[in-house]
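Topology and contacts: notes
The residues making up each chain are set out below.
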Amino acid sequence: MSRTYLITGAASGIGRATATRLAAQGHTVIGADLVDADVVADLATPEGRAHLVARTGELSGGRLDAVIASAGLAGFEPRAVSVNYFGAVATLEGLRPLLAAGTDPRAVVVGSAASVHPHDTAITDAALAGDEDTALAAARAAADRGEGYAIYGSTKAAVARWIRRTAATADWAGAGIPLNAIAPGTVVTPMTAPMLAGPELRKVVDETVPMPLHGHARPEQIAPLLDWLTSPENELVTGQVVFIDGGADAVLRGDRTW
Ligand code: NAI
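Below: a short report on this structure. (Residues numbered from 1 in each chain as written. Predicted model: local features only at pLDDT ≥ 70, side-chain atom pairs only at ≥ 80, totals over all residues. Heavy atoms only, no water.)

1. With respect to the overall build of the protein chain
Each helix and strand counted, the protein chain has 10 helices and seven strands in total. Projecting the C-alpha coordinates of the protein chain onto the three principal axes gives extents of approximately 50 × 40 × 35 Å. With 258 residues in all, the protein chain has 51% of them scored as buried. When contacts within the protein chain are restricted to residue pairs at least 6 apart in sequence, long-range pairs at least 24 apart make up 75% of them. (Helix = DSSP H or I, 4+ residues; strand = E, 2+ residues; numbered from the N terminus. Buried < 20%, exposed > 50% of the residue type's maximum accessible area, 1.4 Å probe, protein only. Contact = heavy atoms within 4.5 Å.)

2. A look at the packing of aromatic side chains
Following the criterion strictly, the structure yields one aromatic pair and no others. Aromatic side chains Y85 and F86 sit 4.9 Å apart centroid to centroid with 85 degrees between the ring planes, which places their arrangement in the edge-to-face category. Of the residues examined, F86 reaches a relative accessible area of 10% and is grouped as buried. (Phe/Tyr/Trp six-rings, centres within 6.5 Å; stacked < 30°, edge-to-face > 60°.)

3. Concerning the site of the ligand
If you check the shell around the ligand, you find 28 residues, and the closest are S12, D33, Y152, V187 and T189. Between the ligand and G72, the relevant distance is 3.5 Å, taken from an oxygen atom to a main-chain nitrogen or oxygen of the residue. A distance of 2.6 Å is found between an oxygen atom of the ligand and a side-chain nitrogen or oxygen belonging to T189. Relative to its free-state accessible area of 820 Å², the ligand is covered by the protein chains to the extent of 93%. Of all the elements in the fold, those that place two or more residues in the shell around the ligand are α1 (13-24), α3 (79-100) and α6 (149-166). In terms of residue class, the shell around the ligand is made up of 13 nonpolar, 11 polar and four charged. (Near = heavy atom within 4 Å. Polar contact = N/O pair within 3.5 Å; in protein donor to acceptor, adjacent residues only side chain to side chain. Areas by Shrake-Rupley, 256 points an atom, 1.4 Å probe, with all protein chains shown as cover. Nonpolar A, V, L, I, M, F, W, Y, C, P; charged D, E, K, R; others polar.)

4. Observations concerning the sheet that holds strand β1 (residues 4-8)
Overall, parallel pairing links the seven strands, which are arranged β3-β2-β1-β4-β5-β6-β7 in an open sheet. At either margin of the open sheet sits one strand with a lone partner, and together these are β3 (39-40) and β7 (241-244). In the sheet, strand β6 (residues 179-184) pairs with β7 via four bridges, with the strands oriented parallel. Each residue of the ladder has a partner; that of A183, found in β7, is F243. α3 contacts β1, β4 (66-69), β5 (106-110) and β6 of the sheet and is inclined by roughly 175 degrees relative to β4. (Pairing = 2+ DSSP bridges. Axes fitted to C-alpha atoms, helices over the stretch in contact; angles between N-to-C directions.)

5. A word on the side chain of R49
Within the secondary structure, R49 is located in helix α2 (residues 46-60). Within polar-contact distance, the side chain of R49 engages the backbone oxygen of A44 at 3.2 Å.

6. So, α3
Spanning 22 residues, α3 covers 30 Å between terminal C-alpha atoms, matching the ideal 32 Å at 1.5 Å per step. Of all the bends in α3, the largest measures some 30 degrees and sits at F86. Along α3, 16 of the 22 residues are buried, which leaves the element largely enclosed by surrounding structure. (Expected span 1.5 Å × (residues − 1). Bend = angle between axes of the 7 residues up to and from the residue.)

Okay, structure coming up:
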């Protein structure tokens, strides 16, 4: 049966591959992004987040069957806090009422294997407290200390923790809406192209995200997991951060967690 999806970050990489896959199956996909999208919205800003919710409501007729929050930024930019955490949470919270009106509603956010890297708790704590100004200030302070590399993983750790604390609540599990994250390893997309272009940075990427199974992924290899997690077949998986990382998490965290 045809379903209606909202996908952020739909103009590129993982979001685009997933939108293409779902549209090919006959589903209706509303894409959101900075450019080239049905909903043009900057998720780093409160205005952009509000526009996403309002315009998606109009385009969907007030009901969605699934939300996939894929928009994100890498690099050492403090702005990643606003897009990767606050933008993603605003997407999920803002569109939840439309999901509640849908059929077999599901939601997934694209986290990252980098969520298990050492991170800056000043950023994650402020993010989880819903304090964007303090989280941004902590990210700027990290960048000023020469620790800008910790910003991205911190945003993704905060997303993972938000999923863990939110999925089982009345608004989500209680309303019959599975809520999960996925944690990809290194995927070859415009986001990672600059990091994979030269041997030195590529070596750093491969040391921090080792992928013994098949190496770097293509976005088309990530899309099937997002497809399944947001399908009616997923009745019981919720509150999970599903690693799709060629074994990176098993290498990095070993048997201390599962
Ligand atoms: P990408 O750069 O190809 O796509 C990201 C999309 O997000 C772009 O179309 C971009 O315009 C959009 N976006 C960025 N800032 C935005 C904003 N302020 N408002 C609205 N849209 C915005 O990157 P990719 O690789 O497809 O990344 C998708 C998600 O996957 C991100 O959340 C990323 O952190 C995550 N991820 C990517 C990995 C990789 O190796 N490529 C690994 C693990 C996670």
